[in-house]
Amino acid sequence: MKSYSGFHALYMCFFSKDLYRSVVRNWKGMAFLYLFLLIMTSWLLISLKVYFVMNEVMNGPVKKIIDRLPVVAIHDGELKIDKQSPYRLTLNASDSMDPSVRSTNREVPIAIFDDTTDDVKGDENVPFVVTKHNLFIQSAKEGQAQQFELKQFGDLKYSKESYIELADAIKLWVPIAVFLIAGPTSFFCCAILSLLIG
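Residues numbered from 1 in each chain as written. Predicted model: local features only at pLDDT ≥ 70, side-chain atom pairs only at ≥ 80, totals over all residues. Heavy atoms only, no water.

Inspection of every chain in the model, using the stated rule, returns 4 aromatic pairs. Residues Phe36 and Phe187 carry aromatic rings whose centres are separated by 5.2 Å and whose planes lie at 85° to one another, so their mutual orientation is edge-to-face. Pair noted here: Phe36 is in helix α3 (residues 30-59) and Phe187 is in helix α6 (residues 160-197), with a separation of 151 residues, a long-range link. Given the relative accessible area of 12%, Phe187 is considered buried. Between Tyr158 and Tyr163, the ring centres sit 5.9 Å apart and the planes meet at 15°, which makes this aromatic pair stacked. On the basis of relative accessible area, Tyr158 is assigned to the partly exposed category, the value being 35%. An aromatic cluster of three or more residues is present, and its members are Phe36, Phe187 and Phe188. (Phe/Tyr/Trp six-rings, centres within 6.5 Å; stacked < 30°, edge-to-face > 60°. Helix = DSSP H or I, 4+ residues; strand = E, 2+ residues; numbered from the N terminus. Buried < 20%, exposed > 50% of the residue type's maximum accessible area, 1.4 Å probe, protein only.)

As a further point, take the pairing of strand β1 (residues 72-75). Taking every second residue as pointing to the same face, the buried face of β1 carries Val72 and Ile74, while none of Ala73 and His75 on the other face is buried. The pairing of β1 with strand β2 (residues 78-81) spans 4 bridges and is classified as antiparallel. Its bridge partner lying in β2, Ile74 is registered against Leu79. The hairpin turn running from β1 into β2, its antiparallel successor, is 2 residues long, and Asp76 in that turn takes a positive phi close to 55°. Note that β1 and strand β8 (residues 156-158) share 3 bridges and pair antiparallel. In the strand pairing of β8, Ala73 is matched with Lys157. (Pairing = 2+ DSSP bridges.)

Dropping the structure here:
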């Protein structure tokens, strides 16, 4: 069987079965280092793709939502917003990432904010309803809304700047988390599998 150097491994890893056989048989302890570098490089590329997709989403539909979100203040468990209540937040179907929604050419409800009442009226298709003292999160699969009292969130205020900061943090940290969690997890799974199969 032919022996391969580290330089051969860089480009042959994409297509050569013989390379992998050689790595396992001849590289001894270096085989795990090679496996680690190969897996981490793969996850780095996937994480970069996740970053670019997150960037597209955050600068597209999420930015449009942020531009229309009200300033939300919770003090002593009571909601106050800077828009007339009830305020209905919707996303134009053409801005949706979901092709089936995009083709409908309608407004997609996202949230209702109402700082005048605790009465939840009507539309079960709205994922988030925030009333004077409660937050309701509607899951399409479960069919029943989960209720949370606003006082459990403490006193807080969210403005457009706060929303943008949060979106930027998500855009940055989701790809990093993908890389730091999925990469080592994949390596350990592959290492254990290679030891078991031998």
